[in-house]
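Architecture at a glance
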Amino acid sequence: MGHRGKKACCLPLLLLLLLALCRGRVVRVPTGPLIRVLGTEVAIPCSVSDYDGPSEQNFDWEFSGEAGFVRIMSTWDSAFTSEQYRQRVGRGDIQLRRSSNDAVELVIASIQPADQGRYKCSTPSTDATVQGNYDAEVQVRVIPDGLSVSGSKARSSMPLRLSEGDSFKLRCSAVTTSLEHTHLHVTWQIKSGAVWQDILSLTHEGKFQPGPGYEERYRNGEIRLDTGANDTYWLAVSQASSVDGGAYRCLVSEWVRGADSSWQKIQEKSVEIATVAIQRTALDVVISTSNVSVTERDSLDLTCNITTDRSGVFQAEVTWYFSVSPDDALSAAQVLLSMDHDSVVSDSTLISMSHVDRNSYRLLVRDVAVEDSGYYFCQAAVWVPLHNGSWQKVVERTSAPVNVMVTALEPDYEVFLNASKTPKFSDDPTELNCMITNAQDTEANLRFAVSWYYRQHLPGDDVATEELLATMDADWTLLLGARSRERTQNGEIIFFKKAVGIFSLRIQWTSEGDRGDYFCVISAWSKHRNNSWVKSKDVISPPVSIFWATQDYTLTVEAVKLKPFFVAGHTFEMTCKVSSKNIKTPRYSVLITAEKPLADRSSPNGTTRIISLSQDSVVRLEDWSDQARVDGVVLEKVQENEFRYRMYQTQISDAGLYRCLVTAWSPGGGGMWREAVNGFSNPIQIDFQTSGPVFNVSVHSDNPTVYQGELADLLCIVTTEGMPLEPDDMSFDVSWLAVRSFALDREPVLLASLDRRGIVTQSRRNGSSDLSLERISPLEFRLRLHGCQDHDFGNHYCVVTPWVRSATGVWQQEPDIKAKPIFLSVKMDVLNAFKYPLLIGISLATVIGLLSCLIGYCSSRWCCKKEVQETRRERRRLMSMEMD
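The following refers to the structure shown. These numbers come from a predicted model, not from an experiment. Each chain carries its own residue numbering, running from 1 in the direction its sequence is written. In keeping with the model being predicted, local features are shown solely for residues with a pLDDT of at least 70 and side-chain atom pairs are shown and tallied solely at 80 or more, while totals for entire chains, interfaces and linings include all residues. Only hydrogens and water are removed before side-chain values are computed, so all heavy atoms of the structure are retained for them.

By definition, any uninterrupted DSSP run of H or I lasting at least four residues is a helix, any uninterrupted run of E lasting at least two residues is a strand, and each is numbered from the N terminus. When helices and strands are tallied, the protein chain shows 6 helices and 61 strands. Here the term buried applies to any residue with accessible area under 20% of the maximum for its type, exposed to any over 50%, and partly exposed to those in between, with areas from a 1.4 Å probe on protein chains only. Among the 884 residues that make up the protein chain, the fraction classed as buried is 39%. Long-range pairs, those at least 24 residues apart, make up 60% of the contacts in the protein chain with a sequence separation of at least 6. To measure how exposed things are, a 1.4 Å probe is used in the Shrake-Rupley method; for residues, cover is taken only from the protein chains shown. Summed over all atoms, the accessible surface of the protein chain reaches about 50,700 Å², with 51% contributed by carbon and sulfur. For this analysis, residues touch if any pair of their heavy atoms sits within 4.5 Å.

Here is the structure:
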């Protein structure tokens with residue numbers, strides 16, 4: 001196996017060595033023989049590759065005729081040229097043309113028969129070692145010029161004048177008498193400016209090849225190259241346009257297949273055939289009239305006249321367009337009617353087109369309408385026949401627009417508005433009739449619709465804008481305005497057609513807001529030929545004023561306190577007497593409000609809505625939130641204009657100013673009540689004169705700093721001053737709160753609460769600690785935090801609400817008392833916190849160390865044991881110096 005591996009490794013080295021030995025300089029010339037035509041320019045390329053030394057290489061050319069090789073020219077030695085070629089080289093007839101650092105061409109300007117022979121290209125060595133070939137030879141054969149190209153002399157001498165759309169043919173003759181097997185490449189060209197451009201070619205391989213820009217015309221058959229007898233080549237052009245004007249020539253090149261099977265062009269000749277001038281077809285399109293005015297339902301008659309200088313056979317195509325603007329493009333305009341070059345007219349019911357004479361086309365639009373007003377265009381195109389029987393458009397023009405104004409037939413009528421019912425008082429009905437009078441020139445295709453408007457009365461010279469109440473379209477569909485939509489849907493306002501030519505507006509119950517001017521607009525709608533309705537005229541009626549004199553409503557409310565002095569627990573009672581003026585059969589709704597002191601405001605604006613009584617005698621509790629005294633407030637109607645308010649078992653928290661808010665209502669339309677005016681009564685004050693005890697609250701803790709997991713005790717202590725009370729005559733609602741910050745700059749969090757009935761309520765907690773709240777004496781309440789955590793720190797305080805039982809046995813709620821906060825600090829026990837992690841770390845380190853020692857011992861004892869063979873050493877005894 002080892003020997004085979006060594007052999008396999010040597011094979012690539014041997015191959016690389018062979019490649020290095022075989023690699024060397026390579027000089028290349030074309031594969032011969034090279035066939036060239038007498039008198040033409042010949043370029044023989046020579047290149048070198050795979051060489052060492054400088055990148056730019058030098059070349060020597062030699063020629064071998066019958067007498068051996070003769071030096072022609074060198075790129076590096078000017079004295080290299082022999083005497084035989086020195087004169088031709090000096091004239092520039094023979095020269096070397098470098099194409100790159102490693103390639104040159106030997107160029108003979110006009111090759112002669114004496115130049116036929118073998119040419120050798122050699123390169124001086126710049127390599128470190130001589131490898132490869134340093135010269136190459138190619139055979140050149142010179143054949144006589146047998147190619148002749150000619151055209152029509154008559155056409156080349158004078159230009160060929162054609163009209164746009166005509167067809168023409170040009171002839172070119174090309175023949176070769178060469179004995180070699182050569183092919184001809186024929187190309188027709190046109191001179192565009194100073195450059196000749198290819199039109200169509202017949203290649204030496206027998207393929208047709210259109211020039212750039214002529215591919216589409218070649219595929220459509222508009223350009224052809226036909227071959228004829230006597231070696232002629234015809235260029236056939238149909239549908240000539242302005243781009244086909246210019247000088248035409250026939251370019252013929254002769255090609256021969258070389259020894260490497262590639263085609264080589266050996267010579268090229270050209271001849272100018274003709275000069276073609278394309279005359280554009282003139283076309284003028286004009287509509288006979290400039291501006292036309294037509295009355296609605298009459299006929300519109302327009303004539304389009306076309307003039308052209310085209311002679312011979314041609315046909316015209318005419319299209320009529322309509323547009324609302326003279327600047328619109330034809331792509332955006334509407335096509336009315338068209339007649340193609342075969343005189344086929346597109347179908348239309350009301351529009352027709354006729355061919356009056358060869359150059360005139362008439363458009364007739366019957367029964368014109370207002371929407372036919374606009375601009376009319378006439379577009380004409382000239383078509384000429386082609387050789388294959390088809391037609392080609394050679395020119396197209398559009399006329400200037402003609403403005404057509406259709407005058408509408410407006411109906412003649414008048415509009416009159418009167419009030420058949422006018423209100424004398426509020427809530428009286430109002431009825432207005434909008435009548436059409438003196439209607440003339442009306443017909444069956446005419447409809448009338450109405451629009452109602454309202455305009456408010458403003459003092460002085462101020463002008464109010466009108467407001468749309470309702471409008472009716474051509475289909476008599478009623479569309480409501482914003483002012484009347486809700487009242488119309490409720491049936492308070494009715495729009496209807498009373499008779500033919502009479503439209504009515506009825507307000508069932510007129511209010512003060514309806515006072516003002518009313519007018520109507522009668523619109524005439526005409527039916528057009530497409531069955532659509534178009535508004536043709538609006539007539540506005542004179543306004544009608546709806547107004548009646550009124551006096552301002554007045555409302556007076558007086559509140560009276562029935563008991564001048566009372567104490568807490570007694571019943572508070574007051575009456576509200578109402579008097580009004582200029583209100584027809586009023587009814588009253590009453591609302592009792594209270595303004596509490598600043599320290600006891602439950603409403604943001606300081607006013608609390610307690611109870612209300614509607615005009616229909618429906619009682620409702622508004623913002624009364626004392627669930628223990630739901631039935632503690634009563635509001636009743638004593639007389640039509642007198643109301644009484646009672647509040648039983650009054651509390652000290654009920655102190656404040658009490659008022660009556662009375663709203664007067666008058667009967668409206670449809671059994672509805674309408675608000676007339678509001679009024680406030682004078683305030684009645686509830687102020688308790690008491691000499692009861694004064695309560696104080698404080699928070700105490702023996703140890704305000706605790707460690708995590710310990711128990712924290714907080715005491716809420718209530719003290720009394722003044723009149724002593726028995727423990728059974730007082731009770732407390734206690735709430736514990738905490739602010740989780742060093743400063744009191746956050747919202748407090750409720751921890752737990754204990755009401756006066758002994759029911760404890762705790763808030764939801766997210767931590768692992770727990771708490772308990774208990775009463776340990778009549779005036780002491782203890783909060784315990786079990787298993788304190790760091791999130792239990794902060795300012796803690798309690799809020800106490802005292803309840804005192806009066807002599808009548810009624811419990812009175814005293815104002816809330818807030819204790820001064822105490823800061824609870826929770827610290828971390830460092831020793832206990834790190835005791836268990838240190839023990840666990842030491843234990844794990846010990847176990848891992850012992851395990852590492854065990855693994856090392858086992859590995860050295862059993863896994864890594866080696867048998868060492870000692871080398872046998874030969875032992876010889878030292879010889880004595882004397883014996884030596």
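In terms of burial, strand β23 (residues 315-323) is a largely internal element, 8 of the 9 residues being buried. Strand pairing requires that DSSP identify at least two bridges connecting the strands. Two strands pair when backbone bridges link them, and β23 and strand β27 (residues 374-385) are joined in this way by 9 bridges, in the antiparallel orientation. Within β27, the position partnered with Y321 by the bridge is F377. One ladder, built from 5 bridges, connects β23 with strand β24 (residues 334-339); its direction is antiparallel. Paired with Y321 across the bridge in β24 is V335.

This brings us to the sheet that holds strand β8 (residues 117-122). Taken in spatial order, the 5 strands make up an open sheet running β2-β9-β8-β4-β5, and their pairing is mixed. Among the strands making up the open sheet, the edge pair consists of β2 (34-37) and β5 (69-74). Direction aside, the axes of adjacent strands within the sheet are offset by 30° on average. Taken together, the 5 bridges between strand β4 (residues 60-64) and β5 define a ladder with antiparallel strand orientation. The residue of β5 that forms the bridge with S64 is F69. In this analysis, axes come from line fits to C-alpha atoms, helices being fitted only over the stretch in contact, and the angle between any two N-to-C directions falls in the range 0 to 180 degrees. Sheet contacts for helix α2 (residues 83-91): β4 and β5; angle to β5, the most-contacted strand, approximately 30°.

Next up on the list: the pairing of strand β3 (residues 42-49). The sheet contact formed by strand β1 (residues 26-28) and β3 spans 3 bridges and is antiparallel. Of the residues in β3, the one forming a bridge with V26 is S49. In the sheet, β3 pairs with strand β7 (residues 103-108) via 6 bridges, with the strands oriented antiparallel. Bridging across to β7, C46 finds its partner in V104.

Working definition: rings of Phe, Tyr and Trp (its six-membered ring) pair if their centres are within 6.5 Å, and the pair is stacked with planes under 30 degrees apart, edge-to-face with planes over 60 apart, and tilted otherwise. What the rule picks out here adds up to 15 aromatic pairs. Ring geometry for F63 versus Y119: centroids 4.8 Å apart, planes at 50°, classification tilted. Residue F63 is located in strand β4, and its partner Y119 is located in strand β8; the two are separated by 56 residues in the primary sequence. Across the pair, exposure class does not vary: F63 and Y119 are buried alike. Residues F695 and F732 carry aromatic rings whose centres are separated by 5.7 Å and whose planes lie at 85° to one another, so their mutual orientation is edge-to-face.

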